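Chain by chain, the residues:
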Amino acid sequence: MAAHDISAIGEPNVVKIEATSSLHDHSNQDNGISHQEAMLKLNEGLAEIIQGDPLLCDLPPKITLEEVNSQIALEYGQAMTVNVKKANGDILPIVVVQGATVQNLKQAIKRHVQLKQAREGQTKHISWRYVWKTYWLYCDGQKLMDNNKPIKDYGIRNRSEVTFMRRLRQK
């Protein structure tokens, strides 16, 4: 049986949860709940807390830890939102850390699209190798060519717009 201690620490809206369990008692007890029931209750409780929090209420119901951390980093100025405009006009709000490189931005785009597909129940596979060989990312007329170069060197700041542009064939 696990014992939980929930206490507020230093900063507002930060909760520390400590769990301890007996190493010797791993048997299922008749009066306990199953793992699935416990996870369901935990997820419902987290969703309720997140929806009630003014900082996190914009996040989708089934969020990942990475999304929560990104939102908190945005609030503290440690991350920025880059608006990536697709060819069809859709805009993807991508969160990256302040010192992100072009490669970090590409990885964040990939994660964003995969999470969006999973939430919508899509199973369509995207070949990211094909995407990056077929399209450039552009910002203010500049190709983001060097994957190791910080995006700030291209003039990308919070709320900057980056566009997918089809690469021209090299002859």
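Above this text is the structure in question.
Treat the numbers as computed from the prediction; the structure is a model and nothing was measured.

## Here's the deal with the side chain of Glu-67
For Glu-67, the position within the fold is in helix α2 (residues 65–75). In this structure the side chain of Glu-67 is engaged in a polar contact, spanning 2.8 Å, whose partner is the backbone nitrogen of Thr-64. Once residues within four sequence positions are removed from consideration, Glu-67 is found in contact with Leu-59, Pro-60, Lys-62, Leu-115 and Arg-119.

## Focus: helix α3 (residues 102–120)
The end-to-end C-alpha distance of α3, which contains 19 residues, comes to 27 Å, matching closely the 27 Å that a straight helix rising 1.5 Å per residue would cover. Along α3, the residues that are buried comprise Val-102, Leu-105, Lys-106, Ala-108, Ile-109, Val-113 and Gln-117. In an axial view of α3, the angular spread of the buried residues amounts to 165 degrees, which keeps them on one side of the axis. Once α3 finishes, Gly-121 follows within two positions and takes phi at roughly 75 degrees, a positive value.

## Regarding the sheet that holds strand β7 (residues 161–166)
Hydrogen bonds between backbone atoms are what pair the strands of a sheet, whose relative direction is either parallel or antiparallel. With mixed pairing, the five strands of this open sheet are ordered in space as β4-β3-β7-β5-β6. Each edge of the sheet is formed by a strand with only one pairing partner; in this case those strands are β4 (91–97) and β6 (142–143). One ladder, built from three bridges, connects strand β3 (residues 79–85) with β7; its direction is parallel. Bridged to Asn-83 within β7 is Glu-161. In this fold α2 packs onto β3 and β4, with an angle of close to 110 degrees to the strand it touches most, β3. On the sheet, α3 packs against β3, β4, β5 (135–139) and β7 and is oriented at approximately 130 degrees with respect to β4.

Calculation rules
Position labels on residues start from 1 in each chain and follow its written sequence. A pLDDT threshold of at least 70 governs which residues receive local features in this predicted model, and a stricter bar of 80 or more applies before side-chain atom pairs are shown or counted, although totals over entire chains, interfaces and linings include all residues. Side-chain figures throughout are based on the complete set of non-hydrogen atoms in the structure, without hydrogens or water. A run of DSSP states H or I qualifies as a helix once it reaches four residues; a run of E qualifies as a strand once it reaches two. Both are numbered from the N-terminal end. Any pair of N or O atoms that falls within 3.5 Å is considered a polar contact. Within protein, one atom must be able to donate a hydrogen and the other to accept it, and sequence-neighbouring residues count only if both atoms are side-chain atoms. Whether two residues touch is decided by their heavy atoms; if any such pair falls within 4.5 Å, the residues are in contact. Multiplying one less than the number of residues by 1.5 Å gives the expected span of a helix. Residue burial is assigned from relative accessible area. The probe radius is 1.4 Å, only protein chains are included, and a residue is buried under 20% of its type maximum, exposed over 50%, and partly exposed in between. By construction, the arc corresponds to the directions joining the helix axis to the C-beta atoms. Strand pairing is assigned whenever DSSP detects at least two bridges linking the two strands. Axis definition: a line fitted to C-alpha atoms, limited for helices to the stretch in contact. Angles are taken between N-to-C directions and run from 0 to 180 degrees.

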